[in-house]
Every structure is written in structure tokens, then in C-alpha cells.
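As a plain string of letters, each chain reads:
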Amino acid sequence: MTGSGPEIPRRHKRYLLPSSMAVVAGDFSPSDGGETLEGKLWDISPLGTCLVVPIARAVVVGDRGALRIVDPHSEAELTLAVEVRWIEPAPQVTFMGLVFSSGRFPKSSFLEPYFKTSWVDAMKVRRLDDLR
């Protein structure tokens, strides 16, 4: 991952969001008035989310802004203050790690159903700690 400073991994379970049907759309608008980046949420945790956007040239680690999340099943939307924690360019897209500036994701929202099953639980993933 690119960025400055030590990387701080998310220690909370991450919940995978749909990537083909009923995609949860999100857009990041930098506080400095830069270009809004439209994309989709890859996963979410109580403290942050991963947003997948087209190539993000103007965003850097530490940028603050607003993340607008749109419910794929209704007209509901949610806007949260976020900070960019990491950026990982891929050939066709850029993955952006965002943390919620308020500390935690709001408990009641249209995304609540996605917090029921973690993709980490669904996969038989072994952590390095399990190997010791």
C-alpha cells in the first residue's frame, strides 16, 4: 500500500458488499474542493471502508472529505466525514482505505444488513497468529 507513516491495519471484521448486483455506490468529495471520485464500496467495517474508484490521481493519504453512500434498493443515502488512510493502485482501478472521522459507523442505516456476515468468516482464512 502506498502512503506515508506506519500502516495501521483495520482490526475489526470487514463485511464484503455486492460487486455485481445491487452495488453499493459511494463517492468521495475532498474537503479541499478537488474532483469528486465516484465508485463502489468494496467492504465495510465499524471503523472504515474500502472504496473502489477509477484511477485516483489527485488523492493522497491524509486527505479528508465526505463519503456519500447510496442505497441500491431505495433513494436513501448517507454522508459521512472520512479520512484517506491508504491508497492501492491496481491496473484498472484504485482501492482507497477510508476511516470514519466520527469514530464508528452509525448503528442504524440501510447498510445494517451487510454487517450480519463477515467475508472473513465465510472464508476459512487463517491468521498468522494461528500458526504460532
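Residues numbered from 1 in each chain as written. Predicted model: local features only at pLDDT ≥ 70, side-chain atom pairs only at ≥ 80, totals over all residues. Heavy atoms only, no water.

Describing the confidence of the model for the chain
Stage number 1. Averaged over every residue, the pLDDT of the chain is 78; residues scoring 70 or more account for 70%.
Stage number 2. Across residues 125–132 the pLDDT falls below 50, and counting only partners more than four positions away or on other chains, this stretch makes two contacts in the model. (pLDDT = per-residue confidence, 0-100. Contact = heavy atoms within 4.5 Å.)

Re the nonpolar core
Stage number 1. In this structure, I69, M96, F105 and L111 are the most contacted members of the largest nonpolar core, which totals 22 residues.
Stage number 2. At the level of secondary structure, the elements contributing two or more residues to this core comprise β3 (37–44), β4 (48–53), β5 (64–70), β6 (77–89) and β7 (94–100).
Stage number 3. Non-local contacts of I69, meaning those with residues more than four positions away in its chain, are made with V24, A25, G26, L41, A76, E77, L78, L80, F105, F110 and L111. (Core = buried A, V, L, I, M, F, W, Y, C linked by side-chain atoms within 4.5 Å. Buried < 20%, exposed > 50% of the residue type's maximum accessible area, 1.4 Å probe, protein only. Helix = DSSP H or I, 4+ residues; strand = E, 2+ residues; numbered from the N terminus.)

A look at the environment of V84
Stage number 1. In this fold, V84 is placed in strand β6.
Stage number 2. By relative accessible area, which is 0% here, V84 ends up buried.
Stage number 3. Sequence spacing of V84 and G62 is 22 residues, and the spatial spacing of their C-alpha atoms is 5.2 Å.
Stage number 4. Filtering out sequence-adjacent residues up to four positions away, V84 remains in contact with F28, V59, V60, V61, G62, D63, M96, G97 and L98.

Here we look at the environment of A25
Stage number 1. Along the polypeptide, A25 turns up in strand β2 (residues 25–30).
Stage number 2. C-alpha separation for the pair A25 and D71, spaced 46 residues apart in sequence, amounts to 7.3 Å.
Stage number 3. Excluding residues within four positions of it along the chain, A25 makes contact with G39, K40, L41, R68, I69 and V70.

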